[in-house]
Structures are given as structure tokens and as C-alpha cells.
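# Summary of the model geometry
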Amino acid sequence: MVRSSNESQATERFLPRRPPSGTASFGNLFRDTTLAMQQLVAEELVRRGFADLRPALLAVGQHVGPNGTRVTELAARAWLTKATVVHAVDELERLGYVTRVPDPTDRRAKLVVSTARAREAEQVAREAIADIRDAWAERIGDEEMDTLEAGLRRLRAALWPQS
């Protein structure tokens, strides 16, 4: 297939900017591709109008659930201290990505809830991930990417059967 220069540039845009770390061990294979995807998604968010969503904020914001999430849960999911997460949530709130509301199950607690702006950014991130997947499939082939994705889905189901 002959690719136009715009298509070629789009594919190049989704290549990692950093080299892999360490050996090609099982753990590093997961880590390096995950870090590459996170970096590329962050760059796409900037490119598509969400420049204020720095990677440190994405590390917390990506864990806000559809019905809101307590700060303690965000800290556990992001592997960060509660103080670090409170700082990030303060910033996300200042930027208009989240609000804090009373937790209906415990009025003393607060839930961090996504705003419309956060949902817009999430949609952009989902579109970027789909574009990255397509670009990477061009590198290894659609069938290979489909096999990889199917294997990861089976692994996820085996590791978290309740989800």
C-alpha cells in the first residue's frame, strides 16, 4: 500500500520517543510499551487542546471512576501518597477537570468526580489510544496486533475474573 505523506506522518507521530530500558524481559516488555503509550497519549492530549493535563496529573486523573472516587482510593490505584494525590486533585480541580462532592455513603468523606472537561479529555485519550493501536498494528501487522490484544484480554480475565 502506498501511504500519503500525511498518513506517514501520523504513523511516525505514534512511535516512542524514548528507548526501552533494560533487557527485553517479560516485565520490561510490559513496562516499556506502557510508558510509550502513556507518553504518546499525553502528547496527543497537548496537541488536541489539553496542554494543562501534565503527566503527573494524568497519573491521578486516569483513576477517577465514573461515579467518583475517594482520594484514598486514588492514592492506592496510582501508587502515590495521599498527600501527593491531594495536591494533584487540588490542581485538577483548579483546572476544571474534577470537583469534590460529598460521598453519599459517608457524608464525612468526599468523592472526586470528573467534570465535562475531563470527559472531553478522556474521549480524546481514547481516540489517541485507538490511533496508536492502529499505528503499532501497521508495524507488526493487524493479525499480530489482534492476537496480542486477545491474549492480553484473556490474561486480564484470568487475573481479575470478577471484573
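Worth saying up front: this structure is predicted, and the values here are computed from it rather than measured.

Turning next to the overall build of the chain. When helices and strands are tallied, the chain shows seven helices and two strands. Walking the chain from its N terminus toward its C terminus, one meets helices and strands in the order α-α-α-α-α-β-β-α-α. Dimensions of the chain along its principal axes, counting C-alpha atoms only, are 60 × 35 × 25 Å. Within the chain, the proportion of its 163 residues that are buried is 28%.

Our next topic: helix 6 (residues 116–140). Over its 25 residues, helix 6 extends 36 Å from the first C-alpha to the last, a length consistent with the 36 Å expected when each residue adds 1.5 Å. Of the residues making up helix 6, those classed as buried are Ala118, Ala121, Val124, Ala125, Ala128, Ile132, Ala135, Trp136 and Ala137.

As a further point, take a nonpolar patch on the surface. A surface patch of nonpolar side chains, about 790 Å² in accessible area, is lined by Phe26, Phe30, Ile140, Leu148, Leu152, Leu155, Leu159 and Trp160. Going through the elements one at a time, helix 2 (26–47) and helix 7 (142–159) are the ones with two or more residues in the nonpolar patch. Sort the elements by how many residues they give to the nonpolar patch and helix 7 lands first, with four residues. Structurally, Leu155 can be placed in helix 7.

Using the criterion set out here, one finds 20 salt bridges in the structure. For Arg17, the salt bridge is made with Glu43, and the minimal N-O distance between the two is 3.0 Å. Here Glu43 lies in helix 2 and Arg17 lies in the loop between helix 1 (5–13) and helix 2, a separation of 26 residues in the sequence. A relative accessible area of 29% means that Glu43 is categorised as partly exposed. As a salt-bridge pair, Arg100 and Asp90 come within 2.7 Å of each other at their nearest N and O atoms. Here Arg100 is found in strand 1 (residues 98–103), whereas its partner Asp90 is found in helix 5 (residues 82–94), with 10 residues between them in sequence. The structure contains a network of salt bridges with shared partners spanning Arg13, Glu44, Arg47, Arg48, Glu127 and Asp131.

With six bridges connecting them, strand 1 and strand 2 (residues 106–114) associate as antiparallel partners. Along strand 2, the bridge assignment pairs Asp103 with Asp106.

With 94% of its residues at a pLDDT of 70 or more, the chain has an overall mean of 93. The least confident element of the chain is helix 1, whose mean pLDDT is 64; the most confident is helix 5, at 98. Note on residues 1–5: pLDDT is under 50 here. Beyond four places in sequence and across chains, it has four contacts.

Looking now at the environment of Phe50. Mapped onto the elements of the fold, Phe50 is located in the loop between helix 2 and helix 3 (55–61). Beyond its immediate sequence surroundings of up to four residues, Phe50 is in contact with Leu45, Tyr97, Arg117, Glu120, Ala121 and Val124.

A few words on the packing of helix 6 against helix 7. Following both chains from N to C, one finds helix 6 and helix 7 inclined at 120°, their axes separated by 7 Å at the closest point. When the interaxial angle is binned, helix 6 and helix 7 end up oblique. Facing helix 6, whose interface residues are Arg133, Trp136, Ala137 and Ile140, helix 7 presents Asp142, Glu144, Met145, Asp146 and Glu149. Across the contact of helix 6 with helix 7, the residue classes break down as four nonpolar, no polar and five charged.

How each quantity is defined
Residues numbered from 1 in each chain as written. Predicted model: local features only at pLDDT ≥ 70, side-chain atom pairs only at ≥ 80, totals over all residues. Heavy atoms only, no water. Helix = DSSP H or I, 4+ residues; strand = E, 2+ residues; numbered from the N terminus. Buried < 20%, exposed > 50% of the residue type's maximum accessible area, 1.4 Å probe, protein only. Expected span 1.5 Å × (residues − 1). Patch = residues over 30% accessible without salt bridge, like charges linked within 9 Å, V, L, I, M, F, W, Y side chains within 5 Å. Areas by Shrake-Rupley, 256 points an atom, 1.4 Å probe, with all protein chains shown as cover. Salt bridge = Lys/Arg side-chain N within 4 Å of Asp/Glu carboxyl O. Pairing = 2+ DSSP bridges. pLDDT = per-residue confidence, 0-100. Contact = heavy atoms within 4.5 Å. Axes fitted to C-alpha atoms, helices over the stretch in contact; angles between N-to-C directions. Parallel < 35°, antiparallel > 145°, perpendicular 65-115°, else oblique. Nonpolar A, V, L, I, M, F, W, Y, C, P; charged D, E, K, R; others polar.

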